[in-house]
2 protein chains.
Amino acid sequence: MLFYKTKLTNFINSTRFFTHPIQQLIYREHGNPAEVLTLSNKELEFDKLEKQQVLVRWLAAPINPSDINQLQGVYPIKPNLPAVGGNEGCAQVIKVGSDVVEFKENDLIVPAISGIGTWCSHGIYDSKELFLVEGDVKDFIFLSILKTNPSTAYRMLKDFVNLSYGDIVVQNGANSSVGHYVIQICRILGVKTVNVVRDRPQIEILKNKLKISGADEVYTEEEFLTLIRSKKLEAKLALNCVGGKSGMFLSRALELGGTMVTYGGMSKIPVYVATSSVIFANTKSVGFWMSRWYGMRQNIEERKNMYKELIGWYKNGELTLPKYQRKNLEEYKDAINQSTQSDPSSIKSKQIFTKKGNHHYFD
Amino acid sequence: MLFYKTKLTNFINSTRFFTHPIQQLIYREHGNPAEVLTLSNKELEFDKLEKQQVLVRWLAAPINPSDINQLQGVYPIKPNLPAVGGNEGCAQVIKVGSDVVEFKENDLIVPAISGIGTWCSHGIYDSKELFLVEGDVKDFIFLSILKTNPSTAYRMLKDFVNLSYGDIVVQNGANSSVGHYVIQICRILGVKTVNVVRDRPQIEILKNKLKISGADEVYTEEEFLTLIRSKKLEAKLALNCVGGKSGMFLSRALELGGTMVTYGGMSKIPVYVATSSVIFANTKSVGFWMSRWYGMRQNIEERKNMYKELIGWYKNGELTLPKYQRKNLEEYKDAINQSTQSDPSSIKSKQIFTKKGNHHYFD
């Protein structure tokens, strides 16, 4: 297992310096996320920063499935406890230490790495823990989810096979936030998507929603199995976030030499691949983990390019936001419950911590 | 599915030419191997060869699991029916057509491709269907199995990861013929093998046999599961011919970035890989099919090198023959039954068609 160590944001109770009230969602032990989290009101010293430190105000920070797994203690990135929850978000720089040249006041940042804690109103971080994003503050919701969902979709479509106009990508869990961006980026690239979702009472509503986003074909698992039994899809790439038979059906839809990329295991069942697909059709089964990609130094320049392209697509309307709900940090129990409940009849909203109302961000 | 077309060896009943009695194990339909095979006694015209044809006498031809699957109709290489069974063997050249320059009388050959039919006393083939081997006729048993088992082990150890002295390779089905050569080639390369076999009444006899062959460690599936639960093996390469949980245990024994190669599916269960291994440990799951490798033109030169090295290792005693039994073509029902029966309490003998007794080969 990998352990990425991080530390709780420093806060000092002393009143010798100018302090400011801040909020943090903290967990002191692993367990049921809604139970182990507590909202902590503290005074953060705003006056004095270490030379390499940066003081930021968080504008928005979403809840991702990996954040939940981290609270449960089943994710390989394990911050030292107690820790602030959350691994992603968009913040604005308030002040920088004397040696910090990469950031200045009002710059927008996302976490450079996972594990720094983003579910809070403000925080002080080492400059190495932050990554500059060239975006508008009015796009703060998109910027707050930029690091994980659109980037995961982008890399999986770029790094494993060379996709050309007319190629086929097949994916399960197509109504996930990553699935949403896979559909939209494929539409931009001229790549056809064949999308698989679990059957549910309001399946036609979901199918229509995905088709409006740009999905070429949408099937339930059962419909997809019927389809691949009668014809070979010849997909170049399969994206699997479910595992078990769902992933195996994808593998059977691959062309000779095709690749299946697993980036999630929603079913909690291992990755299955048809033996004949692996041996005779020479398909590969690999994994993708966005945090590992970010952890590789050689990717820093490409990370800038990727963000620039994704933000450009968002600004010209080619990428849209997934369905989401804004929540105050005070509403964390509801937000966590919404994130962890399994209600297949609805299209789940992504939960994003931000100040609700007229203000776009914590102040 | 791939279809490699081949044709039944020509035989002419006419007596206008000099003919010679030959035997062929023929199947006219797919089904239960012992039932669909028949021994055919024919007269083969020996006098007149087409310009590109080669007349050979088979010295030995083994039964491989893929031969059985081919008879059953569940293998992607499907010769046109009626067809002669068998895809591998060693033969000696009797006579060549006027345009054949690659072979001369007494040369030893193996099939260049699968599907040409080797379970026969003699055959006439297009020269492109044959591949010259530089070996001694006295080594005909080893040469008859060279194309599949030792070559599969060799390629899987050479083509997927760079193995260095002290690296670990883990494999299941370690008592298979391929497993036998994996153990021996790893010993030659200074690579440690951790071997997994199914539990059986005579397990200690089997463990000792594998250790004598050079296996560093041998475990039953249950023992192996206990082992990987308590410590990470950090294997660079896993070789899977079983599938299901057995393969999944191998995947959990891989180091970061390690590779699992699947070359068989003895359990008839899909390939399983632990999701955490794929995503967080960045392991790959790929397949290997010896027939596909042989079918790639760019591999012809490397094929010669591989055979030279394998034959050299056999001649200096570093590679040994697996346990085998010689059978006449007349004994085909017994040979097929021995090949298809599942008796986990014994160490199964590979069945090899050859003339029994003092003669080393059909005459």
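All values reported here derive from a predicted model rather than from experimental measurement.

Enquirer: What am I meant to see in the UniProt feature "domain: Alcohol dehydrogenase-like C-terminal" (unreviewed entry) in chain A here?
Expert: Taking the numbering used here, the UniProt-annotated feature "domain: Alcohol dehydrogenase-like C-terminal" (unreviewed entry) corresponds to residues 178–300 of chain A. The distance separating the terminal C-alpha atoms of residues 178–300 of chain A is 21 Å; by composition the span is 43% helix and 26% strand.

Enquirer: Whenever I open this one, the pattern of salt bridges confuses me. Can you help?
Expert: Side chains bearing opposite charge may pair, as long as their charged atoms lie close to each other. Counted under the stated rule, the structure contains 22 salt bridges over all chains. As a salt-bridge pair, Glu223(A) and Lys207(A) come within 3.0 Å of each other at their nearest N and O atoms. Of this pair, Glu223(A) sits in helix 7 (residues 221–230) while Lys207(A) sits in helix 6 (residues 203–213), and the two are 16 residues apart along the sequence. The partly exposed category is assigned to Glu223(A), whose relative accessible area is 34%. Note on Lys207(A): relative accessible area 9%, which makes it buried. Note that Arg155(B) is salt-bridged to Glu302(B), the shortest N-O span being 3.4 Å. Of this pair, Arg155(B) sits in helix 4 (residues 149–159) while Glu302(B) sits in helix 11 (residues 300–315), placing them 147 residues apart in sequence.

Enquirer: Would you take a moment to explain the relation of the copies chain B and chain A for this structure?
Expert: A rotation about some axis, followed by a shift along it, carries one copy of the chain onto the other. At an RMSD of 0.0 Å, chain B and chain A line up after a rotation of 180 degrees and a shift of 0.0 Å along the axis. Read as a symmetry element, the transformation amounts to a two-fold axis. Interface overlap between copies is the fraction of interface residues in one copy that are interface residues in the other; for chain B against chain A it reaches 100%, indicating a shared surface.

Enquirer: Sorry if this is basic, but what is going on with the packing of helix 5 (residues 177–189) of chain B against helix 6 (residues 203–213) of chain B here?
Expert: Two packed helices can be described by the angle between their axes and the distance between those axes. Residues and elements named next belong to chain B. Here helix 5 crosses helix 6 at 35 degrees, and the two axes come no closer than 9 Å. Contacts between helix 5 and helix 6 involve His180, Ile183, Gln184 and Arg187 on the former and, on the latter, Leu210, Ile212 and Ser213. Grouping the amino acids of the contact of helix 5 with helix 6 by side-chain chemistry returns three nonpolar, three polar and one charged.

Enquirer: What is the right way to read the UniProt feature "domain: Alcohol dehydrogenase-like N-terminal" (unreviewed entry) in chain A from this model?
Expert: Here, UniProt's "domain: Alcohol dehydrogenase-like N-terminal" (unreviewed entry) annotation points to residues 51–127 of chain A. Here residues 51–127 of chain A runs as 10% helix and 36% strand, with 9 Å between its end C-alpha atoms.

Enquirer: Would you explain the environment of Leu206(B) in this entry?
Expert: Residues and elements named next belong to chain B. Looking at the secondary structure, you find leucine 206 in helix 6. Taking the C-alpha atoms as reference points, leucine 206 and glutamine 52, separated by 154 residues in sequence, lie 47 Å from one another. Beyond its immediate stretch of four places on either side in the chain, leucine 206 contacts Asn175, Val197, Arg200 and Ile347.

Enquirer: Mind showing me how you'd approach unusual backbone geometry here?
Expert: Among all residues save glycine, negative phi is the norm, and among peptide bonds the norm is trans. Of the consecutive residues Leu81(A) and Pro82(A), the connecting peptide bond is found in the cis state with omega at -5 degrees. Phi at Asn282(A) takes a positive value of approximately 55 degrees, unusual for a residue other than glycine. With respect to the secondary-structure elements, Asn282(A) resides in the loop between helix 9 (275–279) and strand 15 (284–287). Given a relative accessible area of 27%, Asn282(A) falls into the partly exposed group. With a phi close to 80 degrees, Asn106(B) is a non-glycine residue in the positive phi region.

Enquirer: Explain the packing of aromatic side chains to me, please; I cannot follow it from the model alone.
Expert: Centre-to-centre distance and the angle between the planes together describe a pair of aromatic rings. The tally for this structure, following the rule as stated, stands at 27 aromatic pairs over all chains. Relative to Tyr181(A), the ring of Phe142(A) lies with its centre 6.3 Å away and its plane at 65 degrees, an arrangement referred to as edge-to-face. Of the two residues, Phe142(A) sits in helix 3 (residues 140–145) while Tyr181(A) sits in helix 5 (residues 177–189), which places them 39 residues apart along the sequence. Residue Phe142(A) is classed as buried on the basis of its relative accessible area, which comes to 0%. Residue Tyr181(A) is classed as buried on the basis of its relative accessible area of 0%. Taken together, a centroid distance of 6.0 Å and an interplanar angle of 45 degrees make the contact between Tyr154(B) and Trp313(B) tilted. Of this pair, Tyr154(B) sits in helix 4 while Trp313(B) sits in helix 11, and the two are 159 residues apart along the sequence. Between Arg303(A) and the ring centre of Tyr294(A), over which it is positioned, the NZ or CZ distance is 3.8 Å. Directly above the aromatic system of Phe131(B) lies the positively charged group of Arg303(B), at a separation of 4.2 Å from the ring centroid.

Parameters at a glance
Residues numbered from 1 in each chain as written. Chains lettered and ligands numbered in written order. Predicted model: local features only at pLDDT ≥ 70, side-chain atom pairs only at ≥ 80, totals over all residues. Heavy atoms only, no water. UniProt positions renumbered as here; feature names shortened; annotations may be inferred. Helix = DSSP H or I, 4+ residues; strand = E, 2+ residues; numbered from the N terminus. Salt bridge = Lys/Arg side-chain N within 4 Å of Asp/Glu carboxyl O. Buried < 20%, exposed > 50% of the residue type's maximum accessible area, 1.4 Å probe, protein only. Least-squares fit on C-alpha atoms with pLDDT ≥ 70 in both. Contact = heavy atoms within 4.5 Å. Axes fitted to C-alpha atoms, helices over the stretch in contact; angles between N-to-C directions. Nonpolar A, V, L, I, M, F, W, Y, C, P; charged D, E, K, R; others polar. Phe/Tyr/Trp six-rings, centres within 6.5 Å; stacked < 30°, edge-to-face > 60°. Lys NZ or Arg CZ within 6 Å of the ring centre and 35° of its normal.

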